[in-house]
Amino acid sequence: MNSSAIAVSGLRKAYGDKAVLDGIDFEVPAGTVFSLLGPNGAGKTTTANVLTTLTAADGGTARVAGHDLATEARAVRAAIGVTGQFAAVDDLLTGQENLRLMVDLQRGRVDERVVTELLERFELADSAHQPASTYSGGMRRKLDLAMTLVGDPRVIFLDEPTTGLDPRSRRTMWSIIRDLVAEGVTIFLTTQYLEEADQLADRVAVLDQGRLVAQGTPDELKRRLPGTHVRLRFATAADLDAAARLFADGTRDDEALALRVPGDGATRSLRALLDRLDAHSLDAEELSVHTPDLDDVFLALTGRTAEAAK
Ligand SMILES: Nc1ncnc2c1ncn2[C@@H]1O[C@H](COP(=O)(O)OP(=O)(O)OP(=O)(O)O)[C@@H](O)[C@H]1O
Ligand SMILES: [Mg+2]
């Protein structure tokens, strides 16, 4: 029994005397998206390279798609897809020819339906007959992922899959990733865009100088930061006054008849807050939970903004 698509324990990697991965542990359940975040040089690509067998680890263990990385590297390679690495786009061939070649290699014959479907799915049908050398960075990235999918990988490693893509192409990529996950595929994703992690990832881990400094769901991470608060809006100034007396740590916004109450936004504390209002026969017109976004989390954990880390 093992429902983890990726299980990493005590993973270490050094270049010379510089520890790039200093003992990292994480697990990725099958059929979920795991996003590794961290500033430049944190070790994200190194982690991906180790897990895809491109680089050997110096210590620790890892299982990918049920296979031990150290002793079953070939089985790991057969089960995974890596964009930007194995799926080498041939510049001299057109997009269509690249895909045909990949389908032929993987399946032993060219299935034109598969080729056409992939070209359409990745919005490459219009440029299918142009050489890949004429493709933009974004088109190349899409062709790369399309070629990766030909092998029906169960675990896919995407190192910054949408860097440099325009917003529309980024959304196409996101929807393709969501479809893959719906089919049961597991995604390991690194990204510079914290919104992307927030949108796609079931779990996020923040890597800083070779160590994981936090992991959890995007919401869990955001809730850990100070600044999370519940905003209560009242119908009358009298209600606001009463509530402000009740929650001495709250901050008033008299103009909006609102009170900001610090809290973690978890259901348990929300219930306690509502019970307290109830006990004093106070009704809020509106209740909303405000949580910091992943950019705030990133800054708090690494001391750098995601923008500055680029
Ligand atoms: N082949 C190598 N030889 C020596 N040092 C390396 C090698 N590859 C990576 N490093 C070092 O390991 C550290 C981590 O690099 P890595 O590429 O994993 O970071 P990253 O988190 O992917 O960064 P980025 O956000 O810039 O892509 C860096 O300090 C880098 O200089
Ligand atoms: Mg990198």
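Residues numbered from 1 in each chain as written. Chains lettered and ligands numbered in written order. Predicted model: local features only at pLDDT ≥ 70, side-chain atom pairs only at ≥ 80, totals over all residues. Heavy atoms only, no water.

### A short note on the site of ligand 1
Lining the immediate surroundings of ligand 1 are Tyr-15, Lys-18, Val-20, Pro-39, Asn-40, Gly-41, Ala-42, Gly-43, Lys-44, Thr-45, Thr-46 and Glu-160. At 2.8 Å from an oxygen atom of ligand 1 is found a main-chain nitrogen or oxygen belonging to Gly-41. Considered on its own, ligand 1 offers 640 Å² of accessible surface; in the complex 59% of this is hidden by protein. Taken together, the residues of the shell around ligand 1 break down into four nonpolar, five polar and three charged. (Near = heavy atom within 4 Å. Polar contact = N/O pair within 3.5 Å; in protein donor to acceptor, adjacent residues only side chain to side chain. Areas by Shrake-Rupley, 256 points an atom, 1.4 Å probe, with all protein chains shown as cover. Nonpolar A, V, L, I, M, F, W, Y, C, P; charged D, E, K, R; others polar.)

### Things to note about the pairing of strand β4 (residues 59-64)
Of the pairings in the sheet, the one linking strand β1 (residues 4-15) to β4 comprises five bridges and is antiparallel in character. Residue Ile-6 lies in a different strand from β4, and its bridge partner there is Val-64. The pairing of β4 with strand β5 (residues 67-68) spans two bridges and is classified as antiparallel. Within the sheet, the bridge partner assigned to Val-64 lies in β5 and is His-67. Between the end of β4 and the start of β5, which pair antiparallel, lie two residues, with Ala-65 showing a positive phi angle near 50 degrees. (Pairing = 2+ DSSP bridges. Helix = DSSP H or I, 4+ residues; strand = E, 2+ residues; numbered from the N terminus.)

### Examining the sheet that holds strand β6 (residues 80-82)
If you walk across this open sheet you meet the six strands as β6-β7-β8-β3-β9-β10, and the pairing is mixed. Single-partner strands in this sheet number two, and they are β6 and β10 (211-216). Neighbour-to-neighbour, the strand axes of this sheet turn through a mean angle of 15 degrees, independent of strand direction. Contacts from helix α11 (residues 294-302) reach β3 (33-37), β9 (203-208) and β10, with the element oriented near 30 degrees to β9. (Axes fitted to C-alpha atoms, helices over the stretch in contact; angles between N-to-C directions. Contact = heavy atoms within 4.5 Å.)

### Quick notes on the pattern of salt bridges
According to the stated counting rule, one finds 15 salt bridges in the structure shown. Linking Asp-91 and Arg-140 is a salt bridge whose minimum nitrogen-to-oxygen distance equals 2.7 Å. Highlighted residues: Asp-91 in the loop between β6 and α3 (95-107) and Arg-140 in helix α5 (residues 137-149), separated in sequence by 49 residues. Look at Arg-140 and you get partly exposed, because its relative accessible area is 28%. For the salt bridge of Arg-107 with Asp-152, the shortest nitrogen-to-oxygen distance reads 3.9 Å. (Salt bridge = Lys/Arg side-chain N within 4 Å of Asp/Glu carboxyl O. Buried < 20%, exposed > 50% of the residue type's maximum accessible area, 1.4 Å probe, protein only.)

### Observations regarding the nonpolar core
Among the nonpolar cores identified, the biggest contains 45 residues, and Val-33, Leu-99, Leu-118, Phe-122, Leu-143, Leu-149 and Ile-187 are the most heavily contacted of them. Counting residues per element, this core draws most heavily on helix α6 (residues 167-182), at six residues. Sequence-distant contacts of Ile-187, that is, excluding residues within four places in its chain, are made with Thr-32, Val-33, Phe-34, Ile-156, Leu-158, Ile-177, Leu-180 and Val-181. Grouped together as the second largest cluster of nonpolar side chains are 25 residues, Ile-6, Val-28, Leu-69 and Ile-80 included. (Core = buried A, V, L, I, M, F, W, Y, C linked by side-chain atoms within 4.5 Å.)

### Notes on the environment of Pro-292
With respect to the helices and strands, Pro-292 occurs in the loop between β14 (286-290) and α11. Measuring from C-alpha to C-alpha, the distance between Pro-292 and Ala-75 comes to 41 Å, with 217 residues separating the pair along the chain. With residues near it in sequence (within four places) discarded, Pro-292 still touches Lys-222, Leu-225, Pro-226 and Thr-228.

### Digging into the environment of Thr-94
On the secondary structure map, Thr-94 appears in the loop between β6 and α3. Sequence separation between Thr-94 and Ser-133 is 39 residues; the distance between their C-alpha atoms is 8.2 Å. Those residues within four positions of Thr-94 in sequence are excluded, and the remaining contacts are Ala-128, His-129, Gln-130, Pro-131 and Ala-132.

### Quick look at the domain arrangement of the chain
Split by domain assignment, the chain resolves into domain 1 (4-223) and domain 2 (229-290). Taking only C-alpha atoms, the centre of domain 1 and the centre of domain 2 are 44 Å apart. (Domains from an automatic or database assignment.)

### Examining the packing of α3 against helix α4 (residues 112-121)
Packed helix pairs are specified by the crossing angle of their axes together with the interaxial distance, meaning the distance between the axes. Put simply, α3 and α4 touch, their axes get as near as 9 Å, and they point 130 degrees apart. Here α3 is positioned oblique relative to α4, judged by the angle of their axes. Every pair of crossing elements has a handedness; the one defined by α3 and α4 is right-handed. Taken together, the residues of α4 that come into contact with α3 (itself represented by Gly-95, Gln-96, Leu-99, Arg-100, Val-103 and Arg-107) are Glu-112, Val-114, Val-115, Leu-118 and Leu-119. Of the residues belonging to the contact of α3 with α4, the class tally is six nonpolar, two polar and three charged. (Parallel < 35°, antiparallel > 145°, perpendicular 65-115°, else oblique. Left-handed = near helix turned anticlockwise from the far one by under 90°.)

### Considerations on the pairing of strand β11 (residues 229-233)
Looking at chain direction, β11 and strand β13 (residues 258-262) are connected through five bridges and run antiparallel. Bridge pairing in β13 links Val-230 to Val-261. Bridge count for β11 against β14 is five bridges, and the pairing is antiparallel. What sits directly across from Arg-233, in β14, is Glu-286.

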